[in-house]
Amino acid sequence: MKAIVLAGGFGTRIQPLTNSIPKPMLPILNRPMMEHIILKLRDELGITEIAVLLYFKPEIIKDHFKDGSDLGVKIHYVLPDDDYGTAGAVAFAREFLDETFIIVSGDLVTDFDLKAIKSFHDTKKSKLTITLTPVENPLQFGVVIANEENRIEKFLEKPSWGEVFSDTINTGIYVIEPEILNYIPYGENFDFAKDLFPKLMQEDIPLWGCPLEGYWRDVGNPISYRDVYQDIFNKEVTLQIKGDKYEIDNGVVYCEEKPKLPKKIRVKGIVVLGKSCQIEEGVTLKDCSIGDNVTIEKHSEVIDSVIWDNVTIGTKAKIVNSVLCNDNIIEDEVKASFGVIMAEKCHIYKKVAFEKDIMMWPEKIVEASSVVSTNVIWGTKYKSSIFEDGSVVGRTNIELSCQMSTKLAESFGSILPVGSTVYISRDYHRSSRMLKRAFLSGMLSTGINVVDLVNVPSNVMRHHLSKDDKMIAGIHFRRSILNPMNTEILFYTNEGLEVDSKLAQSIERIFFRENFRRVSYNEIGELYEDHSVTERYINAVWERFDKSIFKRREFKIAVDIMHGSTADTYPKIANGLGIDNIILNAHHSDNVTSCITKSQEDMESIVRALSLNCGFLIYPNGHKLQLVNSKGELIYDYVLLLILLDLLNSTAERPMKVLLPAWAPDYIEYENITITRAKLSSFKAEQLQEYDLIADTDGHFAFADFSLNRDAVFTSFKLLELIIKADTKFIHVIDKLPQFTFAGENIACPSELKGKMMRKFLEDGKDKRTSSIDGVKIWVSENEWILMVPDQHGEFLNLYIQAENEKNAGKIYYQYSEKIEKWMNE
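Anyway, here's the lowdown on the structure attached to this text. (Residues numbered from 1 in each chain as written. Predicted model: local features only at pLDDT ≥ 70, side-chain atom pairs only at ≥ 80, totals over all residues. Heavy atoms only, no water.)

### With respect to the pattern of salt bridges
And then number 1: All told, the structure shown has 37 salt bridges when counted by the stated rule.
And then number 2: Asp98 is paired through a salt bridge with Lys2; the nearest N and O atoms lie 3.0 Å apart. Of this pair, Asp98 sits in the loop between α3 (85–90) and β6 (101–105) while Lys2 sits in strand β1 (residues 2–7), and the two are 96 residues apart along the sequence.
And then number 3: Its relative accessible area of 55% is what places Asp98 among the exposed residues.
And then number 4: One salt-bridge network, held together by shared partners, links Lys23, Asp107 and Asp218. (Salt bridge = Lys/Arg side-chain N within 4 Å of Asp/Glu carboxyl O. Helix = DSSP H or I, 4+ residues; strand = E, 2+ residues; numbered from the N terminus. Buried < 20%, exposed > 50% of the residue type's maximum accessible area, 1.4 Å probe, protein only.)

Structure, rendered in structure tokens:
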């Protein structure tokens, strides 16, 4: 039997630990992670022929392992000329793989019994065996369902929480027969999970899942790396430790050379000590791993921590729950009582205090007596990734500094063709203007031309982006409506849609590696300004409506712009269509977050007092719409959706198609509308074009014949047009809607239990009608259901309930909230 060790990953999520070394070389007990894997393959399976697949920083791995003879194995290095994916890279080792082989990732920590995997493979006479195990958080892995015989039936790579149908995952440990290589194309990007496994299942070649219990951890981020050590010290996993064992004080010290420790030293738990270390008197060491050439001076404490090589810690310092990478200097009386993850070559001067668990990037300097309370450079949000749902969000001038904005631009620009052109827009806030200007320079430096639209709402920019063939992408800067400290940078494709996770990961990879494209002086991008897009947008809206329709009825409406950038568009459109309007809050304000409730209450009072037909609230960036009816009542967002569907159905001149999320109410059937309920983010532009309306239950609407992106401005005029065509009023449409209850609730749930909750919901619905399009929906009667979707980013579960009345909805909610509480405590 032979082995393949995958060691070519970029280690993007575990930055800054991989700033100068590849992820498989991260030390675990003073050995590279990959060395533990090689020893396990040798000792448990007797494998001595190993091929290591390289790509990122290959010379570091080669320099350490050489030909493998020091470990009693023979190592063959395979270095593809590009990133071909996991399976595509293995194809480059085709000549080496002339017998059954096992594939293991070089960045795993596990105590799995590899002999049990091989035995399972042989018993099943399998061509390809995947090792499976249950985990708390399956999002970063391939989720698997196998039947009672352990044949794999369903597989989904890196799902969202709403797609998780099991907490059993693919561990990335495979046993494969050589003939499977015939299904892997040579020289093409090809992935095991995304490409090979679906191909084999399509050809009815059985994939077998070997279920194993035990310790398995993909060391995916700095916190996970630190947690591995806690698990080792808590004896949840046992790994080989270099050197001899010495019992000292109340602990055990492992050292390759006899330790030269002073008599006055306190030792508790397990201490791993590297070569040439100098530990002075009065030092306390508890459950820690210390590398080579480390100095710890008098009366300092190192507790539950990992110290790499060439680190100096001064006197009376306190290092707890920390990771200190190579070549760091910690001076006297530094206190890191809550934890710090410190990349290489930092210098922390005397009496610095770390107030909380801190992340520090390489080569940072902290002046004497400073109090560090925020990450240097990144906030906690960026520990595993930068993007969330196609956007980057952070505190202005803290996480989102000008430096970061420029680096993001350089990263994004580096994946776009030289000479291509993008739109950039912003709202009027100073923070957006500052970060946009920093971003501009980064884009230009990579050879990207920029058309600066200055202050326009995102719906206007996205509309023109999707219509202009010369534009390859768009970026919008806005202050968060929920938190004025935060700025949001939104990235869009040339179709005006949010960038997907694959593109976001490509941007992050360049960002963390700082592998930016630097063009020559004559290729630097050009900067243009375009002040005409607002007028073009206004004309585009006018062209979609017959102005004579609005003359059939004397409408008088109030519109709250909510201090947004739509102030330059909405009044002109309304006046041009002949709609009598009152515009509120059209001026700039820095106090937008506090105005939402006030705007709603004021609009209700104004509509009632002036006997208006209705009132609209247009959220600041033109993406969300709310309605107040002629009675002065704010309409629930989901009811506004039902109003719009009813109007479309009653005025339809042809069959219509509508796309809604899985949790949208389905209590009502429509004669002229076919509704598809799905996960909206998985749809591409050409698929969205098949629908007349794309909407959700939160006030977001897109009419595909105008634009595929959410547009509250256009939707408000569409509603007025439909009301006139239907010859009715909003209150009459509401009155004729069937009476039922639709509600949404949140239940707190730690991320590590989300996978378990998905599994429990699926098990609970086994004998009931269910759907797992996005989350798990369980019908409790013909028209009543509950749908649970774990929140993608927050520590809670989203529950949606449809019932015949509030009483039934309450029963369903309390029934399942009790089940959830019980499941969490099991």
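Text resumes after the structure shown.
### A look at the packing of helix α18 (residues 754–764) against helix α19 (residues 806–825)
And then number 1: Here α18 crosses α19 at 125 degrees, and the two axes come no closer than 10 Å. What the angle tells us is that α18 and α19 run oblique. Handedness of the α18/α19 crossing: right-handed. Note on element contacts: α19 touches α18 through Tyr816, Lys819, Ile820, Trp823 and Met824, opposite Lys756, Met757, Lys760, Phe761 and Asp764.
And then number 2: Across the contact of α18 with α19, the residue classes break down as six nonpolar, no polar and four charged. (Axes fitted to C-alpha atoms, helices over the stretch in contact; angles between N-to-C directions. Parallel < 35°, antiparallel > 145°, perpendicular 65-115°, else oblique. Left-handed = near helix turned anticlockwise from the far one by under 90°. Contact = heavy atoms within 4.5 Å. Nonpolar A, V, L, I, M, F, W, Y, C, P; charged D, E, K, R; others polar.)

### Focus: the pairing of strand β11 (residues 168–176)
Residues in a regular strand point their side chains to alternate faces of the sheet.
And then number 1: The buried count for β11 comes to eight of nine residues, which makes it a mostly enclosed element.
And then number 2: Sheet topology note: the β6/β11 ladder contains three bridges and is antiparallel. Bridge pairing links Ile102 to Val175 in β11.
And then number 3: As paired elements, strand β9 (residues 142–146) and β11 share two bridges and run antiparallel to each other. Looking across to β11, one finds that Gly142 is bridged to Asn170. (Pairing = 2+ DSSP bridges.)

### Overview of helix α16 (residues 712–726)
The periodicity of an α-helix, 3.6 residues per turn, causes residues three or four positions apart to be oriented the same way.
And then number 1: Look at α16: 21 Å from first C-alpha to last across 15 residues, which is about the 21 Å you get at 1.5 Å a residue.
And then number 2: Counting buried positions over the 15 residues of α16 gives 13, a clear majority of the element.
And then number 3: Near the N-terminus of α16, the side chain that reaches the backbone nitrogen of Val713, with its oxygen 3.1 Å away, is that of Asp711.
And then number 4: Where α16 terminates, the next one or two residues include Asp727, which has phi positive at roughly 55 degrees. (Expected span 1.5 Å × (residues − 1). Polar contact = N/O pair within 3.5 Å; in protein donor to acceptor, adjacent residues only side chain to side chain.)

### Focus: unusual backbone geometry
And then number 1: Note that the residue after Gln15, namely Pro16, is joined by a cis bond; omega there is 10 degrees.
And then number 2: Following the sequence through the fold, Pro16 ends up in the loop between β1 and β2 (27–28).
And then number 3: Backbone geometry at Asp389 places phi at a positive 55 degrees, although glycine is not the residue there.
And then number 4: Judged by relative accessible area, which is 58%, Asp389 ranks as exposed.
And then number 5: Positive phi, normally seen in glycine, also occurs at Val454, with a value near 60 degrees.
And then number 6: Looking at the element boundaries, Val454 is found in strand β34 (residues 449–455).
And then number 7: Owing to a relative accessible area of 18%, Val454 belongs among the buried residues under this scheme.

### A short note on the nonpolar core
And then number 1: Core analysis: the biggest nonpolar cluster contains 91 residues, and Ile28, Leu41, Ile102, Tyr225 and Met443 have the highest contact counts within it.
And then number 2: The element that contributes the greatest number of residues to this core is helix α1 (residues 33–45), accounting for seven residues.
And then number 3: In contact with Ile102, not counting residues within four places along its chain, are Met1, Lys2, Ala3, Ile4, Leu41, Leu45, Ile47, Leu114, Ile173, Tyr174 and Val175.
And then number 4: Judged by nonpolar contacts, the second largest core, of 78 residues, contains Val559, Phe701, Phe742 and Trp779. (Core = buried A, V, L, I, M, F, W, Y, C linked by side-chain atoms within 4.5 Å.)

Purely geometric numbers; function is a separate question.
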